[in-house]
Amino acid sequence: MELTKEIHQFIIENGGVCGYHARQEQEGVQQIPEDTECILVVGGDGTLLGAARDMAEKNIPLIGVNTGHVGYLCELEADTALHGVKRLLEGESYAVEQRMLLSGFCSTQKGKTKERTALNDIVIHRRGRLQVVDLILSVNGEYLNTYSADGIIIATPTGSTGYSMSAGGPIVDPKASLLLVTPISPHTLNAKSIVLGAEDEITIEVAKRDQGQEEQLEVSFDGGHVELLGAGEKIIVKKAKVCTRILKLSRMSFLERLRKKLQGYT
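Quick notes on the rules
- Residues numbered from 1 in each chain as written.
- Predicted model: local features only at pLDDT ≥ 70, side-chain atom pairs only at ≥ 80, totals over all residues.
- Heavy atoms only, no water.
- Buried < 20%, exposed > 50% of the residue type's maximum accessible area, 1.4 Å probe, protein only.
- Helix = DSSP H or I, 4+ residues; strand = E, 2+ residues; numbered from the N terminus.
- Contact = heavy atoms within 4.5 Å.
- Core = buried A, V, L, I, M, F, W, Y, C linked by side-chain atoms within 4.5 Å.
- Phe/Tyr/Trp six-rings, centres within 6.5 Å; stacked < 30°, edge-to-face > 60°.
- Lys NZ or Arg CZ within 6 Å of the ring centre and 35° of its normal.
- Pairing = 2+ DSSP bridges.
- Polar contact = N/O pair within 3.5 Å; in protein donor to acceptor, adjacent residues only side chain to side chain.

**Here's the deal with helix H2 (residues 45–55)**
Part 1: Extensive coverage of H2 is indicated by the burial of eight of its eleven residues.
Part 2: Looking at H2, one finds that the buried residues are Leu48, Leu49, Gly50, Ala51, Ala52, Arg53, Asp54 and Met55.
Part 3: In this structure, the buried side of H2 is in contact with strand E1 (39–43), strand E2 (62–66), strand E6 (116–118), strand E14 (217–221) and strand E16 (234–248).

**Description of the nonpolar core**
Part 1: Counting 26 residues, the largest nonpolar core has Ile204 and Ile235 as its most contacted members.
Part 2: Looking at this core, the elements that each hand over two or more residues are strand E4 (95–108), strand E7 (121–126), strand E8 (133–139), strand E10 (151–155), strand E11 (178–184), strand E13 (202–206), E14 and E16.
Part 3: Apart from the residues within four sequence positions on either side, Ile204 is in contact with Ile124, Leu135, Ile136, Leu137, Ile152, Ile154, Glu233, Lys234 and Ile235.
Part 4: Residues Val41, Met55, Leu62 and Leu73 belong to the second largest nonpolar core, which totals 19 residues.

**Comments concerning the packing of aromatic side chains**
Part 1: The final tally for this structure, using the stated rule, is zero aromatic pairs.
Part 2: One residue, Lys112, lies across the ring of Phe105, its end atom 4.4 Å from the ring centre.

**Here we look at the pairing of E8**
Part 1: Of all seven residues that make up E8, five are buried, and the element is covered over most of its length.
Part 2: Sheet analysis places E8 next to strand E9 (residues 142–149), joined by seven bridges and oriented antiparallel. When the sheet's bridge partners are listed, Leu135 is paired in E9 with Tyr147.
Part 3: Counting the residues in the hairpin turn of E8 and E9 gives two residues, including Asn140, whose phi is positive at 55°.

**Brief notes about the side chain of Arg87**
Part 1: Relative to the assigned elements, Arg87 resides in helix H3 (residues 81–89).
Part 2: What makes Arg87 buried here is its relative accessible area of 17%.
Part 3: At 3.1 Å, the side chain of Arg87 and the backbone oxygen of Leu249 are in polar contact.
Part 4: When sequence neighbours within four positions are dropped, the list of residues in contact with Arg87 reads Glu92 and Leu249.

**A look at the environment of Ala78**
Part 1: Looking at the secondary structure, you find Ala78 in the loop between strand E3 (76–77) and H3.
Part 2: Assessed through its relative accessible area of 38%, Ala78 is described here as partly exposed.
Part 3: With 36 residues separating them along the chain, Ala78 and Val42 place their C-alpha atoms 8.5 Å apart.
Part 4: Apart from the residues within four sequence positions on either side, Ala78 is in contact with Leu3, Val65, Asn66 and Thr67.

Now the structure itself:
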C-alpha cells in the first residue's frame, strides 16, 4: 500500500483523478467509476490475473506495477512506476494489447457449476493420494486421447509462460489466439502439448476407475477458485466472449521481453 499511496499522490499532484483500494474477491468491481480510463494494478502476476478476471466485462485497460518476483505480466517495476504514470499523464503514445480469456464450467452430478474465466490457465489435477488419474480429452465432441497423468493444463498464450511452460509446454506470443493443452507429469513418453484453434471447445472427463479407487480432482482457475470433479464428471473449456486489455508503454518486442524475463528464472 505504500507504493500505491505514492502513485495516488503523484497522479493527484499532476492534475489527474485517481482512487485506490485493496482488492478483495469481487468487492472492488462496483467501486470502479464508469469514466475510468486505465487501472494500475500494484502487485505481482497473481494480482494482475485477479484484476483481469474482475474487470473483463468493463473493458478498461490494465497496466501492472510489479512488486513480486518475476512479474512477467507486469509492464512497470516498482522503481519505474512513477515515470510510467508521468508518461501516461503527458499523453505519450502507448499500445493496448487484446488478450484472450478462457471460460469454463464443470458438469457434475449436482448439475452445471458457475461459468468462470481465466487469463492464464485452467488446471485439472489430482488431490490426496499419490496416484495418477485417467483423464479423457475430447475436442468439439470428438475423442482425442486419454491421459494417465497428474492432471492437465489448458492455457492461453498469455499463460504459456506460467505453469504450462513449467510442465513442458511451448512459449507462445501472448497476442496470439489459440488454446494450449499440456499434460502434467504424464505416465507415457509420447504425451506432448497440443495446440488447438481458439474456437475449439475442450472437454475433459474424469475416467471411472476400479471400485474403491474413486477420488476427487481439483479444477483451479488461474490458481484461484477451485471446483471439485469426481469420476464420470467433466469440465468444458472454450475461449471467453470477453477479453482483457493490457496497456503497453514499452516498445520492447515480445522476444526481447521474453529473454529478459526468463533470466529471472536462472
